[in-house]
Amino acid sequence: MSDTSFARQPLEVRFRGGGFAPKRRRWVGPAVFVVLIALVEWGTRSGFISALTLPKPSDVLATLIELWQSGMFVKHMVPSLTRLAVGAALGASVGMGVGILIGLFSYIRAGLVPLTAAIFPIPKIALLPLFVIWFGIDEGSKYALIAFGTFTPTVVATYGAVDNVDRSLIRMGQSFGLSWMSIVRKIVLPGAMPGILSGLRISLAIAIILLVAAEMLGAQYGIGAYILEAGALYDLERLFAGVVILSLLGVLTSGAIGLIERRVLGWRS
Amino acid sequence: MDIRLDGISHSYGETEVLRDISLDVASGQIVCLVGPSGCGKSTLLRFLGGLERPTSGRVLQLGVPPEGCLNPLTYVFQDFALLPWRSVRGNISLVLEDHGIRGAKAQEIIADVLARTKLTDFAKALPKQLSGGMKQRVAIARALAVKPAVMLMDEPLSALDSQTRELLMDDLVALWERQPFTAVYVTHNLAEAVRLGHKIVVLSRRPGRIREVVEIAKPLSQRAYADAELEQVQKHLWHLMRDEARAADEELLHV
């Protein structure tokens, strides 16, 4: 008797939903950095990590401060940022233009998609000597290398984004008698913007990678040159100081795009 | 302006979808197209507005569109087709901009159509902030803004819940009462058809042919929810369609 009455006890339904929905956790990102750096600091101080393996984070910080105080930071950053800005702007804008043309015209698509696929996997660094011959050892070859490297990912992201624009919106535009230009300007381009911006995120990260490669040849100043020189001298503190600067640059560009996304793409639900 | 369908037939490759459809849509009338799924009613509507070309047959405009008409054949889509990055006002101004209507004149038209669709307070809202019923009202306001000669409505209420659908039907009737418009209204919902149609065209299953044309004389304003006379018509329509609908349903399973 008692057994059956026990079995008939109401049983609370077990919760099995939830999850799979990323939430904003502000402090976790910085915490990971802090813990990692603290760990390395402790390791290097206690001798658990040898000085040849990793520099002391505090020493890297000291190097950064010294770099700033000596005025060399600005001297290295200005040419680097100029190269990055000119090269990436050139590559991304031409890439977007070509990507939009591929998205809109079948002949251009048929002609250029295989070409882009052929260019994409070429390590652009391997072409650096060629660029030097074509554009000279000065800034020209550096701009070209960065521009070329950002061009292909931008093209691929852009035409993918144009392809993904809701066709029913385009039909709507046609049904109201909008001109071809209006449809492209007011429906296709804004509709492709989310895809183009997320492509730009990748392109700019590639641009930063190529910046260092571009400064391998004939650059006296620049973050890339600074890192390469430090590497050649096995000066780990300076090497890491340069790497930290590059990382910060990456975080900054990514943040800038995030800001643009929030402004331009506020309409997304 | 009247619209005439003249011997329209259409095939997608091997599949014949429409066979010899001839139909007149008179000015000031709402013509409903009903039929089982896959009978080609939406395709027919795309022919009417020139978004697609039939294999044979012609769509004719009889007479000239009324004065001030910017886009004689104007669609209202099932999925609303609003630009998510433009506000309610921006979505309406989109279809005016290409006709060179901007500034004060555009504002005047926009204010008028928003008032007619009871959206005045939502001019600045983005589509994502609106409910389904509101979105469709924006789409209707946008269609009204170009002063169409014929409205081509492709299942405009099918994406909405049934209460919203009732409300919007009342709105459509009120709009028509205030200023009669010509419309071709595609739906699979017979209640909508008997509520809004002056003429109901029943299509057979694929290949779609006109099975019967039912005319309802009762004025739109006197047709209420669950009206006995309309129920009768609806029953008749369902009777016409039931076997076809079942056959069409089973046919889809074999594809």
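Structure report, in brief. Keep in mind it's a predicted model, so treat the numbers as computed, not measured.

Observations regarding the pattern of salt bridges
Move 1: For the structure on display, the rule yields 21 salt bridges over all chains.
Move 2: Linking R238 of chain A and D235 of chain A is a salt bridge whose minimum nitrogen-to-oxygen distance equals 4.0 Å.
Move 3: R116 of chain B is the salt-bridge partner of D112 of chain B, the closest N and O atoms lying 3.3 Å from each other. A residue pair is termed a helical-turn pair when its members lie 3 or 4 positions apart in one helix, as D112 of chain B and R116 of chain B do in helix α3 (residues 103-116) at four residues.
Move 4: Residue classification places D112 of chain B among the partly exposed positions, given a relative accessible area of 35%.

Comments concerning the environment of Y159 of chain A
Move 1: Relative to the helices and strands, Y159 of chain A is located in helix α7 (residues 139-163).
Move 2: When residues no more than four places from it in sequence are discounted, the contact partners of Y159 of chain A are G99, I102, G103, R109 and V113 of chain A.

Side note on the packing of aromatic side chains
Move 1: Evaluated as defined, the whole model comprises nine aromatic pairs over all chains.
Move 2: Measuring from centroid to centroid gives 5.1 Å for W267 of chain A and W85 of chain B, while their planes differ by 65°, and the two rings are edge-to-face. Residue W267 of chain A is found in the segment after α11 (236-264), and its partner W85 of chain B is found in the loop between β5 (73-76) and α2 (88-97); the two belong to separate chains. In this pair, the class of W267 of chain A matches that of W85 of chain B, namely buried.
Move 3: Ring pairs connect the aromatic residues F131, W134, F135 and F148 of chain A, which therefore count as one cluster.

Concerning the packing of helix α4 (residues 72-104) of chain A against helix α9 (residues 180-214) of chain A
All names here are of chain A.
Move 1: Where α4 contacts α9, the two axes come as close as 9 Å, and the packing angle between them is 140°. With respect to α9, the axis of α4 lies oblique. The interaxial crossing formed by α4 with α9 has right-handed handedness. On the side of α4, the interface is formed by S80, R83, L84, A88, A92, M96, I100 and L104, while α9 contributes W180, V184, V188, L189, I196, L200, L204, A207, I208 and L211.
Move 2: Residues that form the contact of α4 with α9 fall into these classes: 16 nonpolar, one polar and one charged.

How each quantity is defined
Residues numbered from 1 in each chain as written. Chains lettered and ligands numbered in written order. Predicted model: local features only at pLDDT ≥ 70, side-chain atom pairs only at ≥ 80, totals over all residues. Heavy atoms only, no water. Salt bridge = Lys/Arg side-chain N within 4 Å of Asp/Glu carboxyl O. Helix = DSSP H or I, 4+ residues; strand = E, 2+ residues; numbered from the N terminus. Buried < 20%, exposed > 50% of the residue type's maximum accessible area, 1.4 Å probe, protein only. Contact = heavy atoms within 4.5 Å. Phe/Tyr/Trp six-rings, centres within 6.5 Å; stacked < 30°, edge-to-face > 60°. Axes fitted to C-alpha atoms, helices over the stretch in contact; angles between N-to-C directions. Parallel < 35°, antiparallel > 145°, perpendicular 65-115°, else oblique. Left-handed = near helix turned anticlockwise from the far one by under 90°. Nonpolar A, V, L, I, M, F, W, Y, C, P; charged D, E, K, R; others polar.

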